[in-house]
Amino acid sequence: MIHKKAKVLLSTYCIAAVAVLGGFAIQNSAEAAWYQAKLTYTYQRAYTDLNDSIATIGDTLEKSLYANTATQQNGLASRLMRETSAAKAALATLPISDDSMNNVSKFIAQVGDFAMSLSKRVSAGGSITKEEYSSMRELSSYAQKLQGNLSNTSIDQMDFSTTAFTENMKTTAEDFSDYPTLIYDGPFSDHIQQKKPSGLEGMKEVAQGNAQLTAAEFLGIQRDQLSHTEDTAGNLPTRNFTGENAWISVSKYGGKVISFLISQDVGEETLEYEEAAKAASAFLESRGIKGMKESYYAVNDGRCTINYAYTKDDVIFYSDLIKVTVAMDTGDILEYNAAGYWMNHHDRNVPSPKISEAEARKKLSPLLKAEKGKLAMIPTGGLNEVLTWEFKCTAEDEKHLLVYINCETGFEEQIYILTYSDNGILVR
């Protein structure tokens, strides 16, 4: 039998254990409640911030319709960029797991991008067109609709953890189901999704058998060593083939080799970059691809990837890109990608630069020492092109930069920092 004193001690320990467990349960419950309250506050704050930013975007777009000086237009554009950035951050914070807000997200991104594009043009002495003013009016109208929908919901009564919140956001986004197409010079412009390959324009469809023969000849193998796989659709449709250790795609229209990849182990590096570049250039020449000039390269895992840009009449066209990867042990070509080339390559009427190299050089920072300038056609954010003077520069701290001066306006178009290492030359 258990002694009476032992019973008392056992009871005491049990009571203490229950109290401790109860204390842990209360503490865990309190902590869970605290975290839930904090999370709810975070969502409420994000929802409020989204509402406030959209309201400011609508007002600023409306004011932009009546701004008549470059200073005021640029100021309003800067405000739009700030508010769209804040709106994107707020929207990303909200617990929305489906794609119901995709069009709203696109709207926010386009407003900021559109504002930046206009601000850049106004700063260069340009003006806003009637069509762009019309777009601003539409954007303002949609912002006001969105803000109205957001304001119709009581933030204090909203449960962000339920499907009711998702349904509410779907209702909020309903007005964006017929959101208009917006075309401008920026990376979120709708025309980018619609872009067709310039280098293949007007070319006829190529039969699968002919495309397979082209692929085999490009790889230097027999046609029956390749098998046809599923074709790729999209802006650049291709016919695709596989071999024992190769994958290759040929454009459905025009029958041009777009890319290939060879699966091959690479041993110890025995080649220098110059030898790899020589092998890559010889490969391009042997495939009838002329006028390509090597620009930058990177070496990783025994593979040297070289970027080539099309050059004609001493003008570099950086949109017309081809990448070639060389095995640094054998000099074999392991990878080829000419998608950028065929998407952008076409005959261009290059305008005569309105400012000379000497005039463009004066636009450079006094902190930079520049080599001889070269003419270069560079892409803009909206897949257009602008003619520039390219200057390779050295700063006082020995950093290397590329500075591009617009040949028409004299404004700095782009600035890149070059990074040199044993693994190549990279641009950032």
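Predicted model, so just to flag it, every value in this text is computed and none were measured.

Student: Help me out: how do you make sense of the side chain of Asn344 in this one?
Tutor: Inspection of the secondary structure puts Asn344 in helix 9 (residues 339-344). Overall, Asn344 belongs to the buried group, its relative accessible area being 15%. In terms of polar contacts, Asn344 uses its side chain to reach the backbone carbonyl oxygen of Ser319, at 3.1 Å. The residues contacting Asn344, other than those within four sequence positions of it, are Lys195, Ser198, Ser319 and Asp320.

Student: What's the story with unusual backbone geometry in this structure? I'm lost.
Tutor: Glycine aside, residues mostly have negative phi angles, and peptide bonds mostly take the trans form. With a phi close to 50 degrees, Asp313 is a non-glycine residue in the positive phi region. Positive phi values are uncommon outside glycine, yet Glu398 reaches one of about 70 degrees. Turning to its location among the elements, Glu398 is positioned in the loop between strand 11 (385-395) and strand 12 (400-406). On the basis of relative accessible area, Glu398 is assigned to the exposed category, the value being 56%.

Student: I keep staring at the environment of Tyr133 and nothing clicks. Help me out?
Tutor: Structurally, Tyr133 is set in helix 4 (residues 130-151). Spatially, the C-alpha atoms of Tyr133 and Ser64 are 8.4 Å apart, while their sequence positions differ by 69 residues. Each residue touching Tyr133, except ones within four places of it in the same chain, is listed here: Ser64, Leu65, Ala67, Gln73 and Ile128.

Student: I would appreciate a short explanation of the packing of helix 3 (residues 102-123) against helix 4 in the present structure.
Tutor: For the pair helix 3 and helix 4, the least separation of the axes is 11 Å and the interaxial angle reads 145 degrees. Crossing hand, helix 3 versus helix 4: left-handed. Contacts between helix 3 and helix 4 pair Val104, Phe107, Val111, Phe114, Leu118 and Arg121 from the former with Glu132, Ser135, Met136, Leu139, Tyr142, Ala143 and Leu146 from the latter.

Student: Sorry if this is basic, but what is going on with the packing of helix 2 (residues 70-93) against helix 3 here?
Tutor: The packing of two helices is summarised by the inter-axis angle and the distance between the axes. Contact pair helix 2 / helix 3: the axes reach a minimum separation of 9 Å and the direction vectors enclose 155 degrees. As summarised for this structure, helix 2 and helix 3 are arranged roughly antiparallel, according to the angle between their axes. Like other packed secondary-structure pairs, helix 2 and helix 3 cross with a definite hand, here left-handed. On helix 3, the residues that touch Ala70, Gln73, Asn74, Ala77, Leu80, Met81, Thr84, Ala87, Lys88 and Leu91 of helix 2 are Val104, Ser105, Ile108, Ala109, Val111, Gly112, Ala115, Met116, Ser119, Val122 and Ser123. Here the residues of the contact of helix 2 with helix 3 sort into 13 nonpolar, seven polar and one charged.

Student: Help me out: how do you make sense of helix 3 in this one?
Tutor: In an α-helix there are 3.6 residues to a turn, and that puts residues three or four apart on one side. The end-to-end C-alpha distance of helix 3 is 32 Å, a good match for the 32 Å that 22 residues give at a rise of 1.5 Å each. Just past helix 3, the residue Gly125 takes up positive phi, approximately 95 degrees.

Student: Honestly, the pairing of strand 8 (residues 333-337) in this entry has me stumped. Any pointers?
Tutor: Within a regular beta strand, the side chains point alternately toward one face of the sheet and then the other, so they alternate between its two faces. Here three bridges tie strand 4 (residues 257-262) to strand 8, and the two strands are oriented antiparallel to one another. Looking at strand 8, one finds that Phe260 is bridged to Tyr336. Across four bridges, strand 7 (residues 315-327) lies against strand 8 in antiparallel orientation. The partner of Val326 across the bridge, within strand 8, is Ile333. Linking two consecutive strands that pair antiparallel, namely strand 7 and strand 8, is a turn of five residues; a positive phi of about 85 degrees is found at Gly331 within it.

Student: In this structure, what is going on with the pairing of strand 5 (residues 292-300)? I would like to understand it.
Tutor: Sheet topology places strand 5 next to strand 6 (residues 303-312); seven bridges connect them, and they run antiparallel. The residue bridging Val299 from the neighbouring strand is Cys304, located in strand 6. Once strand 5 ends, the chain turns through two residues before running back antiparallel as strand 6, passing Asp301 with a positive phi of about 50 degrees. Here two bridges tie strand 5 to strand 14 (residues 424-427), and the two strands are oriented antiparallel to one another. Within the sheet, the bridge partner assigned to Ala298 lies in strand 14 and is Gly424.

Student: Honestly, the pattern of salt bridges in this entry has me stumped. Any pointers?
Tutor: Pairing between side chains of opposite charge can happen when their charged atoms approach one another. Inspection of every chain in the model, using the stated rule, returns nine salt bridges. Of the charged contacts in the structure, one is a salt bridge between Arg45 and Asp49, with a shortest N-O distance of 3.4 Å. You can see Arg45 and its partner Asp49 sitting in helix 1 (residues 4-64), four residues apart, about one turn around the helix. Two residues, Arg239 and Asp231, come together in a salt bridge whose shortest N-O distance is 3.0 Å. With a relative accessible area of 9%, Arg239 lands in the buried category. Salt bridges here are not isolated pairs; linked through shared partners, they connect Glu205, Asp231 and Arg239.

Student: Where do I start with the confidence of the model for the chain in this structure?
Tutor: Atom-level detail of predicted coordinates should not be read off regions where pLDDT is low. Looking at the chain, pLDDT values average 83 and 82% of them are 70 or higher. Here helix 6 (residues 190-194) stands out as the element of the chain with the lowest mean pLDDT, 51, in contrast to helix 7 (residues 208-219), whose mean of 96 is the highest.

Student: What am I meant to see in the side chain of Gln73 here?
Tutor: Assignment of secondary structure puts Gln73 in helix 2. Ignoring any residue separated from it by four or fewer positions in sequence, one finds Gln73 in contact with Ala67, Val122, Ile128 and Tyr133.

Student: Help me out: how do you make sense of the environment of Ser141 in this one?
Tutor: In this fold, Ser141 is placed in helix 4. Note: C-alpha distance between Ser141 and Glu62 (79 residues apart in sequence) is 8.7 Å.

Student: Would you explain the packing of aromatic side chains in this entry?
Tutor: How two aromatic rings sit relative to each other is given by the distance of their centres and the angle of their planes. Across all of its chains, the model carries twelve aromatic pairs by this definition. Centroid distance Phe218 to Tyr336: 5.1 Å. Interplanar angle 55 degrees. Geometry classified as tilted. Here the residue Phe218 occupies a position in helix 7, and Tyr336 occupies one in strand 8, the gap between them amounting to 118 residues. You can call Phe218 buried: its relative accessible area is 12%. The interplanar angle of 80 degrees and the centroid separation of 6.4 Å between the aromatic rings of Tyr310 and Tyr341 together place this pair among those described as edge-to-face. Here Tyr310, found in strand 6, pairs with Tyr341, found in helix 9; they are 31 residues apart in sequence, far enough to count as distant. A relative accessible area of 8% places Tyr341 in the buried class. Here the aromatic cluster, defined as three or more aromatic residues joined through ring pairs, consists of Phe218, Phe260, Phe283 and Tyr336. Above the face of the Tyr142 ring, Lys145 is positioned so that its terminal group lies 5.1 Å from the ring centre. If you follow Arg287 out to its NZ or CZ, it ends over the ring of Phe218, 5.7 Å from the centre.

Cut-offs used in this document
Think of each chain on its own: its residues are numbered from 1, step by step along the sequence as written. Per-residue local features of the predicted model are confined to residues with pLDDT of at least 70, and side-chain atom pairs are confined, for both listing and counting, to 80 or more; whole-chain, interface and lining totals are unaffected and use all residues. Processing note: side-chain calculations cover all non-hydrogen atoms of the structure and skip hydrogens and water entirely. Here a helix means four or more residues in a row that DSSP labels H or I, a strand means two or more in a row labelled E, and each is numbered from the N terminus. When a residue's accessible area, from a 1.4 Å probe over protein chains only, is under 20% of the maximum for its type it is buried; when over 50% it is exposed; and in between it is partly exposed. Polar contacts here mean pairs of N or O atoms no more than 3.5 Å apart (in protein, one a potential hydrogen donor and the other a potential acceptor; neighbouring residues in sequence count only if both atoms are side-chain atoms). Residues count as neighbours in contact if any of their non-hydrogen atoms are within 4.5 Å of one another. Fitted lines through C-alpha atoms give the axes, limited to the stretch in contact for helices. The angle between two N-to-C directions lies from 0 to 180 degrees. Definitions for this section: a left-handed crossing has its near helix turned counterclockwise from the far helix by less than a right angle. A right-handed crossing has that turn clockwise. Any angle that falls under 35 degrees is termed roughly parallel, while one over 145 is termed roughly antiparallel, one within 65 to 115 roughly perpendicular, and all others oblique. Residues are grouped as follows: nonpolar covers Ala, Val, Leu, Ile, Met, Phe, Trp, Tyr, Cys and Pro; charged covers Asp, Glu, Lys and Arg; every other residue, Gly included, is treated as polar. The span one expects for a helix is its residue count, reduced by one, times 1.5 Å. Pairing between two strands requires that DSSP report at least two bridges joining them. Between Lys or Arg on one side and Asp or Glu on the other, a salt bridge is scored when a side-chain nitrogen of the former is within 4 Å of a carboxyl oxygen of the latter. Each residue carries a pLDDT score, the predictor's confidence in it, ranging from 0 to 100. Any Phe, Tyr or Trp ring, taking Trp's six-membered ring, that has another such ring centre within 6.5 Å forms a pair; planes under 30 degrees apart are called stacked, those over 60 apart edge-to-face, and the others tilted. We call a charge positioned over a ring when the NZ of a Lys or the CZ of an Arg lies within 6 Å of the ring centre and within 35 degrees of the ring normal.

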